[in-house]
Amino acid sequence: MTEDPAPRPVPTLIDLFLTYGRIGLIGFGGINAWARRVLVEEKRWLTDQEYAETLGLGQVLPGPNALNAAIMVGDRFHGTAGAIAAPGAMFGGPLILLAGLAMFYDAYGEVPVVQAVLAGVAAAAAGMVLGTAAKMTQKIRPPPALLAVGLVALLAAGVFRVPLPYTVLGLAPFGILGAWRALRAK
Amino acid sequence: MSAVIFWQLVLGFGAISLVSVGGGIAVLPEMHRLVVEVHGWMSDADFARRFALAQAAPGPNVLVVGLFGWHVGGVLGMLTATLAMTLPTSLLAFGFSRLRTRLAGRFWLRVTERGLVPIAVGLIAASGLILAQGTATGWVAAVLTACSTVFVWRTDYSPLWVLGAGALVGLAFL
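Report on the accompanying structure.

Analysis parameters
Residues numbered from 1 in each chain as written. Chains lettered and ligands numbered in written order. Predicted model: local features only at pLDDT ≥ 70, side-chain atom pairs only at ≥ 80, totals over all residues. Core = buried A, V, L, I, M, F, W, Y, C linked by C-beta atoms within 7 Å. Buried ≥ 20, exposed ≤ 12 C-beta atoms within 10 Å, placed from the backbone. Helix = DSSP H or I, 4+ residues; strand = E, 2+ residues; numbered from the N terminus. Contact = placed C-beta atoms within 7 Å. Axes fitted to C-alpha atoms, helices over the stretch in contact; angles between N-to-C directions. Parallel < 35°, antiparallel > 145°, perpendicular 65-115°, else oblique. Nonpolar A, V, L, I, M, F, W, Y, C, P; charged D, E, K, R; others polar.

## Concerning the nonpolar core
Proteins that are soluble and globular tend to have nonpolar side chains buried together.
Residue and element names in this part refer to chain A.
In step 1: The biggest cluster of nonpolar side chains holds 104 residues, and the ones touching the most others in it are A86 and A125.
In step 2: It is helix 4 (residues 65–108) that provides the largest number of residues to this core, a total of 17 residues.
In step 3: Not counting chain neighbours up to four residues away, the residues in contact with A86 comprise L16, Y20, A70, I71, V73 and G74.

Take a look at the structure:
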């Protein structure tokens, strides 16, 4: 497609575990933007298209979409072991961190300096998530019909706050129709 | 943590997880109903504070259920709530992943996968927008978000740079 043709490396199980652990621990503002950054740009295990397809399936299934995507990525490279290692690492690190934070926050959460730093990081993380969506759109280069579905998803969930199940399940038929027409036209 | 609370966590979050199409955070109102309204485990303000903390921390957003569990049952409560929220749907996702491998290359599967891509990307953008609405408390934060967006979009440097910059700007101006 639009990606570079160089062969893509296949991770070892340890790689998979450590990489997902890192994704979990740097995953400010949510996992998905960071998973894409690490898996597509840094490690080059997946293309933008492959990552977005996996995440899309993860969104239609019930459950946290980042978790569903991690299970599918783990399974793809290392079967059952991978499907346990990737999400296990992704949850394990942050969970330990969060337990520490919960204690710290109970003690120091009201301190203005802590709140100021957190506010700054959160504002930057919001921009990081927006920038990732822009970058993915640019790399995947969707045909106009699919671009329209993406924009409607953005408006429905981001502006009008339509509950996610309605957004996902309501738009899925239109996305699939658009993809069918695009693939058939080739 | 009592056995009663253990089962309330397991059944409550297990049931919520099965309807959480679109992501764990999609069912935040359901979680609010469970922990604040049904069981009265915490106040509205506590609920909002826990959610804000989970948002500020790295990691999957759904880990907020770990904090709810922590609130009622310490470390054990945290583990119980997190597993109840993630294990049932994980098994489903794993089964689906196997099916996907078996059916790889079928035309209709490829069409479905491609058709879901814009929804995946659109929802990432939507979550960025929602985060930005929450964090843009003044023009400094709004400019910070805008600069971070452009930096991540137009360059290949690690986004950790903008988070570090965000921490410094927050320290100085917010």
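Following the structure, the description resumes.
## Observations regarding unusual backbone geometry
Residue and element names in this part refer to chain A.
In step 1: Backbone geometry at R44 places phi at a positive 60°, although glycine is not the residue there.
In step 2: Checked against the element boundaries, R44 lands in the loop between helix 2 (31–42) and helix 3 (48–60).
In step 3: R44 sits in the partly exposed class, given 14 other C-beta atoms within 10 Å.
In step 4: In this structure, R161 is a non-glycine residue whose phi angle is positive, near 55°.
In step 5: Relative to the assigned elements, R161 resides in the loop between helix 6 (144–159) and helix 7 (164–184).

## Comments concerning the packing of helix 3 of chain A against helix 5 (residues 107–135) of chain B
In step 1: Where helix 3 of chain A contacts helix 5 of chain B, the two axes come as close as 7 Å, and the packing angle between them is 80°. Considered as vectors, helix 3 of chain A and helix 5 of chain B are oriented roughly perpendicular to each other. Every residue of helix 5 of chain B that contacts helix 3 of chain A at A52(A), E53(A), L55(A), G56(A), L57(A), Q59(A) and V60(A) is listed here: E113(B), R114(B), L116(B), V117(B), I119(B), A120(B), V121(B) and L123(B).
In step 2: Considering only residue class, the contact of helix 3 of chain A with helix 5 of chain B consists of ten nonpolar, two polar and three charged.

## A look at the interface of chain A and chain B
Quoted interface sizes are often the accessible area lost when the parts come together.
In step 1: On the chain B side, the residues contacting the 90 residues of chain A number 81 residues.
In step 2: Listing elements by their share of the side of chain A that touches chain B, those giving two or more residues are helix 1 (13–26), helix 2, helix 3, helix 4, helix 5 (112–140), helix 6 and helix 7 of chain A.
In step 3: Sorting elements by how many residues they give to the side of chain A that touches chain B places helix 5 of chain A first, with 24 residues.
In step 4: Of the residues in the side of chain A that touches chain B, the class split is 65 nonpolar, 20 polar and five charged.

## Looking at the environment of M31(B)
In step 1: Counting through the fold element by element, M31(B) comes out in helix 2 (residues 28–38).
In step 2: Sequence separation between M31(B) and F13(B) is 18 residues; the distance between their C-alpha atoms is 7.7 Å.

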